[in-house]
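Close look at the chain arrangement
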Amino acid sequence: MYPVTILKDRYGGTYSGGRWLAFDLPPEEIPFEVDADDVTCYKFWKNTDILVGLGSTPDEALKDLENKYGSYR
């Protein structure tokens, strides 16, 4: 996968389910809602269909994304 962007979740996983997030997107394409206010962020995670890896560490998030990507293809 290329590119991959890994971010620390602003809300510590409260809405996303992971402390770290891995996207198969360049940084400029990460939806702003990921780092927005509580309500916007909650709605994003509740309704998104974007493939995102979740984990307690950056490595776990990347591995989760790789697993999801393999299942998705």
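No experiment lies behind these values; they were computed from the predicted model shown. (Residues numbered from 1 in each chain as written. Predicted model: local features only at pLDDT ≥ 70, side-chain atom pairs only at ≥ 80, totals over all residues. Heavy atoms only, no water.)

1. Observations concerning the overall build of the protein
Scanning the protein from terminus to terminus reveals 2 helices and 3 strands. Secondary structure elements of the protein occur, N-terminal to C-terminal, as β-β-α-β-α. For a compact globule of 73 residues, the expected C-alpha radius of gyration is about 11 Å, and the protein comes in at 11 Å, within 12% of that figure. Per-residue burial for the protein yields a buried fraction of 33% across its 73 residues. Across the protein, the fraction of contacts at a sequence separation of at least 24, relative to all contacts at a separation of at least 6, is 44%. Total accessible area computed for the protein in this model is approximately 4,700 Å², and 48% of it derives from carbon and sulfur atoms. Within the protein, one finds 8 positive and 13 negative side-chain charges whose respective centroids are separated by 5 Å. (Helix = DSSP H or I, 4+ residues; strand = E, 2+ residues; numbered from the N terminus. Rg over C-alpha atoms; globule rule 2.2 N^0.38 Å. Buried < 20%, exposed > 50% of the residue type's maximum accessible area, 1.4 Å probe, protein only. Contact = heavy atoms within 4.5 Å. Areas by Shrake-Rupley, 256 points an atom, 1.4 Å probe, with all protein chains shown as cover. Lys, Arg positive; Asp, Glu negative; His and termini not counted. Charge placed at Lys NZ, Arg CZ, Asp CG, Glu CD.)

2. Focus: the sheet that holds strand 2 (residues 20-23)
Read from one edge to the other, the open sheet built from 3 strands follows the order 1-2-3, with strand pairing classed as antiparallel. At either end of the open sheet lies a strand with only one pairing partner, and these are strand 1 (5-8) and strand 3 (52-55). With strand direction ignored, the average angle separating the axes of adjacent strands in the sheet is 20°. Of the pairings in the sheet, the one linking strand 2 to strand 3 comprises 4 bridges and is antiparallel in character. Among the inter-strand pairings, Ala22 is bridged to a residue of strand 3, identified as Gly53. (Pairing = 2+ DSSP bridges. Axes fitted to C-alpha atoms, helices over the stretch in contact; angles between N-to-C directions.)

3. Notes on the pattern of salt bridges
Under the definition given, this model contains 1 salt bridge. Measuring nitrogen to oxygen at the nearest pair gives 3.0 Å for the salt bridge that ties Asp64 to Lys68. Separated by 4 residues within a single helix, Asp64 and Lys68 lie in helix 2 (residues 58-72), roughly one turn from each other. Judged by relative accessible area, which is 29%, Lys68 ranks as partly exposed. (Salt bridge = Lys/Arg side-chain N within 4 Å of Asp/Glu carboxyl O.)

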